[in-house]
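# Structure at a glance
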Amino acid sequence: MSSDAERSASALYDTPRHVEGPEGCHFYHATDLPGIGSVPGDWDLRATVGDYLGNVPFAGKRVLDIGSASGFLSFEAERRGGEVVSYDLSPTDRWDAVPHSGVDLGSVDGMMREHLDSINRAYWLSHRLNGSRARLARGTVYAIPDAVGPVDVAIFGAILLHLRDPFRALHSGLRLTRETVVVTDLLPGRYRWLRHVGRYLGAPMFFVPRSTRKERFDTWWIIPPETVCEMLRVLGFEDLRVAYHLHPFRGSPRLTYTVVGRRTGPASDRI
Ligand SMILES: C[S@@+](CC[C@H](N)C(=O)[O-])C[C@H]1O[C@@H](n2cnc3c(N)ncnc32)[C@H](O)[C@@H]1O
């Protein structure tokens, strides 16, 4: 790399952080760490990660893992031959918290900052122990820097449900994406019926916040895969497939779907 390129890369990507061991780390996924062994996580994708990632090929591809958390999907894409950029919130960005009337979002911000720090620690510990070359850029999904792209594959794993504006988030990542998008999201228990009738409903999204549950600030939408497909068509990805699968979350299987889209039309830059 030329020194100019090195300078701009160092402005874009975080400097690796030395994390000695799993203390103070939050692993979002159960993870097998070389030299340490298994650490528990909320999700266990170890046996089913291929399905979660839509079984797309990563070898030789530039991959953008959006909402990378502690990095499980990034390191898997890298293990499968991808050159990976992980992307997640920085400590100065705010979570898209639901602004419930009367709730002090300042305390939510503080709590989420601590949470982000602990998943960031887990990311860098895994990174070091796996000898990873993945790079981490941080910021909000709505403003992914152009210089992160172009990428061949973008992964949106379990992030759209947490965003006030999922379409804008897709647009932001996909304007940088040349070939393939992988969107994985959840259909929780009460919404499983969507699997059977979703295609008859148009392109709905179900608004999750309830005024009676002010403690729930982190989830906005249940989005059926048909709706994700329509969003992707609008953005120039008309070759689409959908698969459903189950993955253990805190010990119980959760219904999850993955949409894989291939680019068939040009990107629109106008965000
Ligand atoms: C539920 S985790 C998903 C982790 C992983 N991608 C997966 O599929 O299991 C959601 C991730 O999205 C990140 N995130 C949430 N809101 C974001 C935003 N506005 N911009 C960027 N990242 C965001 C969170 O910090 C978290 O790491």
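Everything below is about the structure shown above.
Residues numbered from 1 in each chain as written. Predicted model: local features only at pLDDT ≥ 70, side-chain atom pairs only at ≥ 80, totals over all residues. Heavy atoms only, no water.

## A look at the site of the ligand
Near the ligand, the surroundings consist of 19 residues, among which Tyr28, His29, Tyr52, Gly67 and Asp88 are the closest. One nitrogen or oxygen atom from the main chain of Gly157 is found 2.9 Å from a nitrogen atom belonging to the ligand. Its free accessible area being 600 Å², the ligand has 97% of it covered by the protein chains. Of the residues contributing to the shell around the ligand, the split by class is twelve nonpolar, six polar and one charged. (Near = heavy atom within 4 Å. Polar contact = N/O pair within 3.5 Å; in protein donor to acceptor, adjacent residues only side chain to side chain. Areas by Shrake-Rupley, 256 points an atom, 1.4 Å probe, with all protein chains shown as cover. Nonpolar A, V, L, I, M, F, W, Y, C, P; charged D, E, K, R; others polar.)

## Some words on the packing of helix α5 (residues 166–174) against helix α7 (residues 225–234)
Their axes nearest at 10 Å, the elements α5 and α7 cross at an angle of 45°. By the angle between their directions, the pair α5 and α7 is classed as oblique. Crossing of α5 over α7 shows right-handed handedness. Touching Phe167, Leu170 and Leu174 of α5 are Met231, Leu232 and Val234, all from α7. Its residues placed into classes, the contact of α5 with α7 shows six nonpolar, no polar and no charged. (Axes fitted to C-alpha atoms, helices over the stretch in contact; angles between N-to-C directions. Helix = DSSP H or I, 4+ residues; strand = E, 2+ residues; numbered from the N terminus. Parallel < 35°, antiparallel > 145°, perpendicular 65-115°, else oblique. Left-handed = near helix turned anticlockwise from the far one by under 90°. Contact = heavy atoms within 4.5 Å.)

## Quick notes on the side chain of Glu78
Along the polypeptide, Glu78 turns up in helix α3 (residues 72–79). Despite its burial, Glu78 remains without a salt bridge, the nearest opposite charge being carried by Arg133 at 5.8 Å. The residues contacting Glu78, other than those within four sequence positions of it, are Val84, Ser132, Arg133 and Ala134. (Buried < 20%, exposed > 50% of the residue type's maximum accessible area, 1.4 Å probe, protein only. Lys, Arg positive; Asp, Glu negative; His and termini not counted. Salt bridge = Lys/Arg side-chain N within 4 Å of Asp/Glu carboxyl O.)

## Here's the deal with the layout of surface pockets
There is about 310 Å³ of room inside the second largest pocket. Elements represented by at least two residues in the lining of the second largest pocket include exactly β1 (31–33) and α3. The biggest single contributor to the lining of the second largest pocket is α3, with five residues. (1 Å grid on protein atoms, 1.4 Å probe; cavity = no way out; pocket = protein on both sides within 12 Å on 5 of 7 lines; lining within 4 Å. Points joined across faces, edges and corners; volume = space filled by probe spheres on them.)

## Considerations on the pattern of salt bridges
Close approach of charged atoms allows side chains of opposite charge to pair. The final tally for this structure, using the stated rule, is 15 salt bridges. Between Asp32 and Arg46 there is a salt bridge, and its shortest N-O distance comes to 2.8 Å. Taken as a pair, Asp32 in strand β1 and Arg46 in the loop between β2 (37–39) and α2 (49–52) lie far apart in primary sequence, 14 residues in all. Here Arg46 falls in the partly exposed class, since its relative accessible area comes to 35%.

## Considerations on the packing of aromatic side chains
Pairs of aromatic rings are described using the distance from one ring centre to the other and the angle between the two planes. A complete count under the given rule lists eight aromatic pairs for this structure. Measuring from ring centre to ring centre gives 5.0 Å for Tyr123 and Trp124, while their planes differ by 85°; the resulting arrangement is edge-to-face. Classification of Tyr123 as buried rests on a relative accessible area of 1%. Overall, Trp124 belongs to the buried group, its relative accessible area being 2%. The structure contains a cluster of three or more aromatic residues connected by ring pairs, namely Phe75, Tyr123 and Trp124. (Phe/Tyr/Trp six-rings, centres within 6.5 Å; stacked < 30°, edge-to-face > 60°.)

## Things to note about the environment of Met231
The residue Met231 is located in helix α7 in this model. If we ignore the near neighbours within four places in the chain, the residues touching Met231 are Phe167, Leu170 and Met205.

## Quick word on the environment of Glu23
With respect to the element layout, Glu23 can be found in the loop between α1 (3–12) and β1. Residues Glu23 and Asp152 lie 129 residues apart in sequence; the distance between their C-alpha atoms is 35 Å.

## What to know about the environment of Pro266
Inspection of the secondary structure assignment puts Pro266 in the segment after β11 (252–262). Owing to a relative accessible area of 75%, Pro266 belongs among the exposed residues under this scheme. Counting along the chain gives 29 residues from Pro266 to Phe237, while the straight-line C-alpha distance between them is 8.9 Å.

## Points about the nonpolar core
Core analysis: the largest hydrophobic core is formed by 40 residues, its most contacted members being Phe156, Leu160, Leu170, Leu174, Val183 and Leu232. For this core, the leading source of residues is α7, giving four residues. Among residues more than four places away in sequence, those in contact with Phe156 are Ile66, Val141, Ala169, Leu170, Gly173, Leu174, Val181, Val182, Val183 and Thr184. Ranked by size, the runner-up nonpolar core spans 32 residues in total, among them Phe27, Val49, Val63 and Ala122. (Core = buried A, V, L, I, M, F, W, Y, C linked by side-chain atoms within 4.5 Å.)

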